[in-house]
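Working through the structure, step by step
Residues per chain are reported as follows:
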Amino acid sequence: MKENFAEVLAVGGKSNSLGRAGEVVDAVLGDRSRLEELYLCAFHDNPRIRMRAIDAVEKVCRQHPDWLVPFIDRMQDELASCEQASIRWHLAQILAQVDLTSRQKSNAITWLQRQLDDTDVDWIVAVNSMKALTHFVKDGSVPSASVTTVLERQRGHKSKSVVRKAEKLLADLASAGPP
(Lines give C-alpha, C1' and ligand atoms only; values in the text may rest on other atoms or scores of the structure.)
Protein backbone atom coordinates (compact mmCIF):
# COMPACT_ATOMS: atom_id res chain seq x y z
CA MET A 1 0.00 0.00 0.00
CA LYS A 2 1.49 3.29 -1.10
CA GLU A 3 -1.38 5.47 0.11
CA ASN A 4 -1.04 7.88 3.01
CA PHE A 5 -2.40 6.16 6.14
CA ALA A 6 -4.41 9.16 7.32
CA GLU A 7 -6.22 9.25 3.98
CA VAL A 8 -6.90 5.50 4.11
CA LEU A 9 -8.14 5.68 7.71
CA ALA A 10 -10.51 8.52 6.83
CA VAL A 11 -12.39 6.41 4.29
CA GLY A 12 -15.30 4.06 4.69
CA GLY A 13 -17.92 2.98 7.12
CA LYS A 14 -19.79 4.74 9.85
CA SER A 15 -18.07 6.94 12.41
CA ASN A 16 -17.63 4.04 14.82
CA SER A 17 -16.50 1.49 12.24
CA LEU A 18 -12.90 0.60 11.52
CA GLY A 19 -13.21 1.34 7.80
CA ARG A 20 -9.99 0.28 6.07
CA ALA A 21 -7.92 -0.04 9.24
CA GLY A 22 -7.28 -3.72 8.50
CA GLU A 23 -5.49 -2.74 5.31
CA VAL A 24 -3.27 -0.38 7.29
CA VAL A 25 -2.46 -3.14 9.79
CA ASP A 26 -1.45 -5.41 6.91
CA ALA A 27 0.68 -2.66 5.39
CA VAL A 28 2.57 -2.11 8.65
CA LEU A 29 3.00 -5.84 9.22
CA GLY A 30 4.52 -5.99 5.74
CA ASP A 31 6.72 -2.92 6.28
CA ARG A 32 7.64 -2.18 9.88
CA SER A 33 9.16 1.17 8.87
CA ARG A 34 5.61 2.50 8.41
CA LEU A 35 4.74 2.04 12.10
CA GLU A 36 5.84 5.62 12.81
CA GLU A 37 3.43 6.93 10.16
CA LEU A 38 0.62 4.92 11.72
CA TYR A 39 1.48 6.07 15.25
CA LEU A 40 1.37 9.73 14.15
CA CYS A 41 -2.18 9.20 12.87
CA ALA A 42 -3.24 8.80 16.52
CA PHE A 43 -2.77 12.59 16.79
CA HIS A 44 -4.80 13.55 13.73
CA ASP A 45 -7.42 16.29 14.06
CA ASN A 46 -10.14 13.84 13.02
CA PRO A 47 -11.26 11.63 15.96
CA ARG A 48 -12.32 8.85 13.55
CA ILE A 49 -8.79 8.68 12.15
CA ARG A 50 -7.34 8.69 15.69
CA MET A 51 -9.66 5.83 16.73
CA ARG A 52 -8.83 3.75 13.67
CA ALA A 53 -5.11 4.46 14.01
CA ILE A 54 -4.82 3.39 17.64
CA ASP A 55 -6.89 0.29 16.91
CA ALA A 56 -4.45 -0.57 14.13
CA VAL A 57 -1.45 0.09 16.40
CA GLU A 58 -2.91 -2.30 19.00
CA LYS A 59 -3.50 -4.97 16.35
CA VAL A 60 0.10 -4.67 15.19
CA CYS A 61 1.11 -4.97 18.86
CA ARG A 62 -0.77 -8.27 19.19
CA GLN A 63 1.48 -9.82 16.57
CA HIS A 64 4.69 -7.93 17.33
CA PRO A 65 4.67 -6.43 20.83
CA ASP A 66 8.41 -5.88 20.53
CA TRP A 67 7.80 -3.40 17.70
CA LEU A 68 6.01 -1.09 20.16
CA VAL A 69 8.82 -1.03 22.73
CA PRO A 70 10.45 2.08 21.19
CA PHE A 71 7.07 3.87 21.32
CA ILE A 72 6.13 3.23 24.96
CA ASP A 73 7.73 6.33 26.48
CA ARG A 74 6.13 8.45 23.79
CA MET A 75 2.77 6.78 24.28
CA GLN A 76 2.91 7.36 28.02
CA ASP A 77 3.93 11.00 27.51
CA GLU A 78 1.78 11.84 24.51
CA LEU A 79 -1.32 9.64 24.66
CA ALA A 80 -1.95 9.11 28.36
CA SER A 81 -3.57 12.53 28.75
CA CYS A 82 -5.91 12.04 25.77
CA GLU A 83 -9.57 12.14 26.68
CA GLN A 84 -10.74 10.08 23.69
CA ALA A 85 -12.01 6.79 25.07
CA SER A 86 -10.76 4.69 22.15
CA ILE A 87 -7.21 5.98 22.69
CA ARG A 88 -7.40 5.17 26.40
CA TRP A 89 -8.75 1.63 26.08
CA HIS A 90 -6.27 0.68 23.35
CA LEU A 91 -3.41 2.17 25.36
CA ALA A 92 -4.46 -0.02 28.30
CA GLN A 93 -4.38 -3.06 26.02
CA ILE A 94 -0.96 -2.16 24.62
CA LEU A 95 0.56 -1.56 28.06
CA ALA A 96 -0.39 -5.10 29.10
CA GLN A 97 1.16 -6.65 25.97
CA VAL A 98 4.58 -4.97 25.77
CA ASP A 99 7.63 -5.72 27.91
CA LEU A 100 7.98 -2.57 30.00
CA THR A 101 10.89 -1.27 32.02
CA SER A 102 10.24 -0.94 35.75
CA ARG A 103 9.70 2.82 35.34
CA GLN A 104 7.32 2.33 32.43
CA LYS A 105 5.45 -0.34 34.35
CA SER A 106 5.13 1.94 37.38
CA ASN A 107 3.82 4.73 35.14
CA ALA A 108 1.41 2.31 33.47
CA ILE A 109 0.03 1.05 36.77
CA THR A 110 -0.46 4.59 38.07
CA TRP A 111 -2.18 5.63 34.84
CA LEU A 112 -4.43 2.55 34.81
CA GLN A 113 -5.46 3.12 38.42
CA ARG A 114 -6.30 6.76 37.57
CA GLN A 115 -8.57 5.54 34.79
CA LEU A 116 -10.55 3.74 37.47
CA ASP A 117 -10.62 6.49 40.13
CA ASP A 118 -14.39 6.68 39.84
CA THR A 119 -17.25 4.76 38.26
CA ASP A 120 -18.00 7.42 35.66
CA VAL A 121 -15.29 6.14 33.30
CA ASP A 122 -16.23 4.90 29.80
CA TRP A 123 -17.18 1.24 30.09
CA ILE A 124 -14.62 -0.06 27.55
CA VAL A 125 -11.86 2.01 29.19
CA ALA A 126 -12.88 0.52 32.54
CA VAL A 127 -12.89 -3.08 31.30
CA ASN A 128 -9.52 -2.83 29.55
CA SER A 129 -7.91 -0.93 32.43
CA MET A 130 -9.11 -3.56 34.91
CA LYS A 131 -7.80 -6.37 32.70
CA ALA A 132 -4.41 -4.65 32.34
CA LEU A 133 -4.11 -4.06 36.09
CA THR A 134 -4.93 -7.70 36.75
CA HIS A 135 -2.18 -8.64 34.28
CA PHE A 136 0.27 -6.62 36.40
CA VAL A 137 -0.90 -8.36 39.58
CA LYS A 138 -0.31 -11.73 37.96
CA ASP A 139 3.22 -10.78 36.91
CA GLY A 140 3.99 -9.57 40.44
CA SER A 141 4.32 -5.88 39.56
CA VAL A 142 1.53 -4.60 41.77
CA PRO A 143 0.03 -5.98 44.98
CA SER A 144 -3.30 -7.69 44.63
CA ALA A 145 -4.80 -5.63 47.47
CA SER A 146 -4.37 -2.31 45.66
CA VAL A 147 -6.04 -3.65 42.52
CA THR A 148 -8.79 -5.36 44.52
CA THR A 149 -9.78 -1.95 45.90
CA VAL A 150 -10.03 -0.53 42.38
CA LEU A 151 -12.02 -3.52 41.14
CA GLU A 152 -14.42 -3.30 44.08
CA ARG A 153 -15.02 0.37 43.26
CA GLN A 154 -15.97 -0.60 39.68
CA ARG A 155 -18.67 -2.94 41.00
CA GLY A 156 -20.64 0.30 41.35
CA HIS A 157 -20.27 1.22 37.66
CA LYS A 158 -23.50 1.89 35.74
CA SER A 159 -22.51 -0.64 33.04
CA LYS A 160 -23.44 -4.24 33.79
CA SER A 161 -20.50 -5.33 31.60
CA VAL A 162 -18.07 -3.46 33.86
CA VAL A 163 -19.69 -4.88 36.99
CA ARG A 164 -19.51 -8.44 35.63
CA LYS A 165 -15.86 -8.00 34.57
CA ALA A 166 -14.94 -6.52 37.96
CA GLU A 167 -16.60 -9.45 39.74
CA LYS A 168 -14.90 -12.00 37.48
CA LEU A 169 -11.48 -10.41 37.97
CA LEU A 170 -12.02 -10.19 41.73
CA ALA A 171 -12.87 -13.89 41.79
CA ASP A 172 -9.81 -14.70 39.66
CA LEU A 173 -7.55 -12.75 42.03
CA ALA A 174 -9.11 -14.37 45.11
CA SER A 175 -8.62 -17.87 43.68
CA ALA A 176 -5.02 -17.11 42.75
CA GLY A 177 -4.19 -16.09 46.32
CA PRO A 178 -1.70 -13.43 47.34
CA PRO A 179 1.00 -12.58 44.80
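**Observations concerning the side chain of H157**
On the secondary structure map, H157 appears in the loop between α10 (144-154) and α11 (160-176). Within the structure, H157 has its side chain in polar contact with the backbone oxygen of T119 (distance 3.3 Å). A distance of 2.9 Å separates the side chain of H157 from the backbone nitrogen of S159, its partner in a polar contact. Leaving out residues up to four positions away in the same chain, H157 has contacts with T119, V121, D122, W123, A126, V162 and V163.

**Here we look at the packing of α10 against α11**
In the contact formed by α10 and α11, the axes pass within 8 Å of each other and the chain directions differ by 155°. As judged from the angle between their axes, α10 and α11 are roughly antiparallel. The crossing of α10 and α11 is left-handed. Facing α10, whose interface residues are S144, V147, T148, L151, E152 and Q154, α11 presents V162, V163, A166, L169, L170 and L173. Of the residues contributing to the contact of α10 with α11, the split by class is eight nonpolar, three polar and one charged.

**Some thoughts on the packing of aromatic side chains**
Tallied over the full model, the rule gives two aromatic pairs. Ring centres 5.3 Å apart and planes at 75° place the aromatic pair Y39 and F43 in the edge-to-face group. When the ring of Y39 is compared with that of F71, the centres are 5.2 Å apart and the planes differ by 55°; the resulting orientation is tilted. One end of the pair, Y39, is in helix α3 (residues 35-41); the other, F71, is in the loop between α5 (65-68) and α6 (72-78), with 32 residues separating them in the sequence. An aromatic cluster is defined as three or more aromatic residues linked by ring pairs; in this entry it consists of Y39, F43 and F71.

**Quick look at the side chain of R50**
On the secondary structure map, R50 appears in helix α4 (residues 47-63). It turns out R50 is buried and unbridged, and the closest side chain with the opposite charge, D45, is 5.8 Å from it. A distance of 3.1 Å separates the side chain of R50 from the backbone oxygen of D45, its partner in a polar contact. In this structure, R50 is in contact with C41, A42, F43, H44, D45, Q84 and I87, ignoring residues within four places of it in sequence.

**A word on the nonpolar core**
Ranked by size, the top nonpolar core spans 61 residues in total, and within it L38, L68 and M75 carry the most contacts. Counting residues per element, this core draws most heavily on helix α9 (residues 123-138), at eight residues. In contact with L68, other than residues within four places in its own chain, are L35, V57, V60, C61, M75 and V98.

**Topic: the confidence of the model for the chain**
Of the residues in the chain, 95% have a pLDDT of 70 or more, and the chain-wide mean is 93. Within the chain, the element-level pLDDT minimum falls on helix α1 (residues 5-9), averaging 88, and the maximum on α5, averaging 98.

**A short note on the packing of helix α8 (residues 102-115) against α9**
One can describe the packing of α8 onto α9 by two numbers: an axis separation of 9 Å at closest approach and a directional angle of 140°. Comparing their axes, α9 and α8 come out oblique. The interaxial crossing formed by α8 with α9 has left-handed handedness. Contacts from K105, A108, I109, L112, Q113 and Q115 of α8 reach α9 at V125, S129, A132, L133 and F136. The residue inventory of the contact of α8 with α9, partitioned by class, reads seven nonpolar, three polar and one charged.

**Some words on the pattern of salt bridges**
The tally for this structure, following the rule as stated, stands at 10 salt bridges. The residue E78 makes a salt bridge to R74 at a minimum N-O spacing of 3.9 Å. You can see E78 and its partner R74 sitting in helix α6, four residues apart, about one turn around the helix. Given the relative accessible area of 26%, R74 is considered partly exposed. Here the salt bridges do not stand alone but share partners, grouping E36, R74 and E78 into one network.

The rules behind each value
- Residue numbers run consecutively from 1 along every chain, following the written order of its sequence.
- With pLDDT at 70 or above as the cut-off, local features in this predicted model cover only qualifying residues; side-chain atom pairs require 80 or more to be listed or tallied, and sums for whole chains, interfaces and linings still use all residues.
- By convention in this description, side-chain values take in all heavy atoms of the structure and omit both hydrogens and water.
- Note on conventions: DSSP H or I runs of at least 4 residues are helices, E runs of at least 2 residues are strands, and numbering of each starts at the N terminus.
- Any pair of nitrogen or oxygen atoms within 3.5 Å is treated as a polar contact; in protein, a donor-acceptor pairing is required on top of that, and neighbouring residues in sequence qualify only through side-chain atoms on both sides.
- Whether two residues are in contact is decided by their heavy atoms, any of which lying within 4.5 Å being enough.
- For helices, the fitted axis covers only the stretch in contact; all axes are lines through C-alpha atoms, and the angles between them, taken along N-to-C directions, range from 0 to 180 degrees.
- Angles below 35 degrees are treated as roughly parallel, those above 145 as roughly antiparallel, those between 65 and 115 as roughly perpendicular, and all remaining angles as oblique.
- In this scheme, a crossing is called left-handed if the near helix is turned counterclockwise away from the far one by less than a right angle; it is called right-handed if the turn is clockwise.
- Each residue gets one label: Ala, Val, Leu, Ile, Met, Phe, Trp, Tyr, Cys and Pro are nonpolar, Asp, Glu, Lys and Arg are charged, and the others, such as Gly, are polar.
- Geometry of aromatic contacts follows a simple scheme: Phe, Tyr and Trp rings, the Trp one being its six-membered ring, pair when their centres are within 6.5 Å, and the pair is stacked under 30 degrees between planes, edge-to-face over 60, tilted otherwise.
- Here's how the labels work: a residue is buried when its accessible area is under 20% of the maximum for its type, exposed when over 50%, partly exposed in between, all with a 1.4 Å probe on protein chains only.
- His residues and chain termini do not enter the charge count, which takes Lys and Arg as positive and Asp and Glu as negative.
- Between Lys or Arg on one side and Asp or Glu on the other, a salt bridge is scored when a side-chain nitrogen of the former is within 4 Å of a carboxyl oxygen of the latter.
- What we call a nonpolar core is a set of buried Ala, Val, Leu, Ile, Met, Phe, Trp, Tyr and Cys residues that are connected through their side-chain atoms within 4.5 Å.
- A score from 0 to 100, pLDDT tells how confident the predictor is in each residue.

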